[in-house]
Amino acid sequence: MSVPTTPDGFVDAVRGACGTELDRLGSEKALIAATAARLERQQVLGSALAAERRAAETFDAWADDETDDRAREAFAATADRERDHADRVRALGELEASPPDPDALHEHLRGVEGSVERVAAGLVARPLVASRSLLQVVNFFVNEADTAAADTFRSLRSDTDDTVADGAALLEALCAEEADWERALSAAEDAVAVAYREYADTLEGMGVDPKPVC
């Protein structure tokens with residue numbers, strides 16, 4: 001089966017190939033894994049802040065050594081956006097200022113090479129994962145009746161969804177032939193798989209089944 005060679009088609013292909021993993025990453029268990037089951041305001045905010053800061057560091061590193069001008073500009077812009085996100089999360093509470101260690105996804109991303117692969121993994125797959133995590137953060141603050149925090153995270157999620165569309169559009173400019181789209185899809189699938197493996201391993205280590213309860 002050939003890989004779609006349009007932005008919307010590519011995103012749909014990633015969602016189709018990684019549907020189970022993405023669904024589970026967006027379940028109510030996402031915050032349990034992210035906070036080690038400490039479902040408290042500061043823990044949720046701290047986890048969200050760490051995620052934004054990791055992303056900023058990843059895209060800064062890519063912008064520093066990227067050879068394609070279009071990709072470099074996109075990585076630099078995304079790093080700026082993630083820093084802005086981190087500042088907005090930090091404004092919601094007194095949070096740890098020390099840089100976070102990379103999680104499995106960002107450790108993987110920092111080893112990805114190739115403009116097409118980086119865009120697919122970092123600007124399509126990563127925000128597809130992040131959007132699902134952010135939805136659970138929104139839900140947490142809705143349940144806490146914290147309207148300001150919920151609205152902040154809705155805005156961050158909207159930006160994150162925009163990143164998916166922007167990344168897919170950039171792929172259309174970077175992919176000259178079908179083989180490029182195939183490499184892009186493989187890179188995106190690998191990134192989602194890494195994020196899911198850490199999520200599943202974390203939950204299983206806590207004695208929680210990552211599969212949904214039917």
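Everything here concerns the structure above.
Residues numbered from 1 in each chain as written. Predicted model: local features only at pLDDT ≥ 70, side-chain atom pairs only at ≥ 80, totals over all residues. Heavy atoms only, no water.

## Points about the pattern of salt bridges
Item 1. For the structure shown, the criterion picks out 16 salt bridges.
Item 2. Among the ionic pairs, D69 bridges to R72, the shortest N-O distance being 2.3 Å. Here D69 and its partner R72 are both found in helix α5 (residues 69–90), three residues apart, which amounts to about one turn of the helix.
Item 3. Assessed through its relative accessible area of 29%, R72 is described here as partly exposed. (Salt bridge = Lys/Arg side-chain N within 4 Å of Asp/Glu carboxyl O. Helix = DSSP H or I, 4+ residues; strand = E, 2+ residues; numbered from the N terminus. Buried < 20%, exposed > 50% of the residue type's maximum accessible area, 1.4 Å probe, protein only.)

## Some words on the state of the cysteines
Item 1. In the structure shown here, the tally under the stated rule is zero disulfides.
Item 2. Considering cysteine sulfurs only, C175 is the nearest to C18, which forms no disulfide, with 16 Å between them. (Disulfide = S-S within 2.5 Å.)

## Describing helix α1 (residues 7–17)
An α-helix turns once every 3.6 residues. As a result, residues three or four positions apart point the same way.
Item 1. Within α1, the full set of buried residues consists of P7, G9, F10, V11, A13 and V14.
Item 2. Those residues of α1 that are buried lie in contact with α7 (115–143), α8 (147–174) and α9 (178–205). (Contact = heavy atoms within 4.5 Å.)

## What about a negative patch on the surface?
Item 1. Where like charges cluster on the molecular surface, the negative patch consists of E198, D201, E204 and D209.
Item 2. You can see D201 is positioned in helix α9. (Patch = residues over 30% accessible without salt bridge, like charges linked within 9 Å, V, L, I, M, F, W, Y side chains within 5 Å. Areas by Shrake-Rupley, 256 points an atom, 1.4 Å probe, with all protein chains shown as cover. Lys, Arg positive; Asp, Glu negative; His and termini not counted. Charge placed at Lys NZ, Arg CZ, Asp CG, Glu CD.)

## What about the environment of R53?
Item 1. Along the chain, the position of R53 falls in helix α4 (residues 41–65).
Item 2. Taking the C-alpha atoms as reference points, R53 and D101, 48 residues apart in sequence, are found 9.6 Å from one another.

## Focus: the nonpolar core
Item 1. Core analysis: the largest hydrophobic core is formed by 47 residues, its most contacted members being F10, V14, F75, V119, V124 and L171.
Item 2. Broken down by secondary-structure element, the contributors of at least two residues to this core are α1, α2 (19–25), α4, α5, α6 (104–109), α7, α8 and α9.
Item 3. Broken down by element, the residue count for this core peaks at twelve residues, all from α9.
Item 4. Look past the residues within four positions of V14 in its chain and what remains in contact with it is V124, L128, L185 and A188. (Core = buried A, V, L, I, M, F, W, Y, C linked by side-chain atoms within 4.5 Å.)

## A closer look at the packing of aromatic side chains
Item 1. A full pass over the atoms with the stated rule returns seven aromatic pairs.
Item 2. Where F10 meets W181, the ring centres are 5.6 Å apart and the plane angle is 50°; that geometry is what we call tilted. Here F10, found in helix α1, pairs with W181, found in helix α9; they are 171 residues apart in sequence, far enough to count as distant. The pair F10 / W181 is uniform in exposure class, with both members buried.
Item 3. Where F59 meets W62, the ring centres are 5.5 Å apart and the plane angle is 90°; that geometry is what we call edge-to-face. Note that F59 and W62 are positioned in helix α4 at a spacing of three residues, about one turn of the helix. Comparing F59 with W62, the two get one shared label, buried. (Phe/Tyr/Trp six-rings, centres within 6.5 Å; stacked < 30°, edge-to-face > 60°.)

## Concerning the side chain of T78
Item 1. Residue position: T78 is located in helix α5.
Item 2. Discounting chain neighbours no more than four positions away, the residues touching T78 are F59, L123 and R126.

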